Amino acid sequence: MDCIYKGEILNVTVFDSGFIFAVKKENDKGVLMVKFYGYDAVNDKFTSIKKNVYLKIKFGFEYEDIAETLGDYVSCNAAALPDGRIMAIYSSGEYYIFNPDGTVYLSSQLTYKGSPAFDIAPDGDCIWCVVPDENAIIKYSPSDARIPMRIGGGASTTFSRPCSITKDGDILYVCNHGSRKIRAYNTQTNKVKDFMSFNERVFQFVISGKRKFVWLKSGLYEVD
């Protein structure tokens, strides 16, 4: 694996040609601050970026209103829905859906069996999320607030404290804190298999074009 960034990372957001991420760093006076970086996977370029650039990539053109509403704009995961709305969700299950003009369309809590859901992998009119406490992933319809599908959970050992989910075609890549593995679920065949294993916690699997990256506890890495 090739290291892109070594150190503690707070959040990673993917865009068309790469990804942005936030990290904790000490300034010259020893005070902890949040810094923002971008990685252009097309030109293989790593750069420091300003907060407003980070926010615009993460939330779109109305980022100022969205960031002001959220307050904590770093720890949430965000994605654009097919209808042009922006969804942001926290690990607590609290989520917001914003209209294209930046106003709040919906604010609610997403749970499965009383446990919070997290992350956003758009799939048509629905999204996929992980439910760490239930060892499950769910498909959720924001338009009618229902869960039409659930994989894992109960006595199943398919997932082990899943923490994030990435969709690429028919495949869902699920990162698991418990097993330190990425598992691949085929939505057409309903089969699940191990995709990658690590000797440290894996937080997120990132796909940009034909390149693949992982966010591990120790940093960001490109994988074959």
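Described in the following lines is the structure provided in the data block. A quick note: this is a predicted structure, and the numbers were derived from the prediction, not measured.

### Structural notes on unusual backbone geometry
Okay, step 1: Phi angles above zero are rare outside glycine, and N135 is one such case at about 50°.
Okay, step 2: As for its position among the elements, N135 is in the loop between β13 (126–131) and β14 (136–141).
Okay, step 3: A residue is classified by how much of its surface remains accessible, and N135, at 25% relative accessible area, is partly exposed.

### Side note on the packing of aromatic side chains
Okay, step 1: The full count for this structure, using the stated rule, is 18 aromatic pairs.
Okay, step 2: Judged by centre distance (5.8 Å) and plane angle (35°), the ring pair of Y5 and Y37 falls under tilted. Taken as a pair, Y5 in strand β1 (residues 2–6) and Y37 in strand β4 (residues 32–40) lie far apart in primary sequence, 32 residues in all.
Okay, step 3: Y5 gets classed as buried once you look at its relative accessible area, which sits at 10%.
Okay, step 4: Ring centres of Y173 and F205 lie 4.9 Å apart, and the angle between their planes is 55°; this geometry places the pair in the tilted category. Linking Y173 in strand β17 (residues 171–176) with F205 in strand β20 (residues 202–208), this pair joins segments that are 32 residues apart in sequence. By the burial criterion, Y173 is buried, and F205 matches it.
Okay, step 5: A network of ring pairs unites the aromatic residues Y5, F19, F21, Y37, Y39, F46 and F213 as a single cluster.
Okay, step 6: For the cation-ring pair, R85 lies above Y105, with the distance from its terminal atom to the ring centre recorded as 3.7 Å.

### Some remarks on the sheet that holds strand β9 (residues 104–109)
Okay, step 1: Pairing in this open sheet of four strands is antiparallel, and the strands run β6-β7-β8-β9 from one edge to the other. Whereas interior strands pair on both sides, the edge strands pair on one side only; in this sheet they are β6 (77–80) and β9. Recorded for the sheet is a direction-independent mean angle of 15° between the axes of neighbouring strands.
Okay, step 2: Two strands pair when backbone bridges link them, and β6 and strand β7 (residues 86–89) are joined in this way by four bridges, in the antiparallel orientation. The residue bridging A78 from the neighbouring strand is A88, located in β7.

Rules used in this analysis
- Residues numbered from 1 in each chain as written.
- Predicted model: local features only at pLDDT ≥ 70, side-chain atom pairs only at ≥ 80, totals over all residues.
- Heavy atoms only, no water.
- Helix = DSSP H or I, 4+ residues; strand = E, 2+ residues; numbered from the N terminus.
- Buried < 20%, exposed > 50% of the residue type's maximum accessible area, 1.4 Å probe, protein only.
- Phe/Tyr/Trp six-rings, centres within 6.5 Å; stacked < 30°, edge-to-face > 60°.
- Lys NZ or Arg CZ within 6 Å of the ring centre and 35° of its normal.
- Pairing = 2+ DSSP bridges.
- Axes fitted to C-alpha atoms, helices over the stretch in contact; angles between N-to-C directions.

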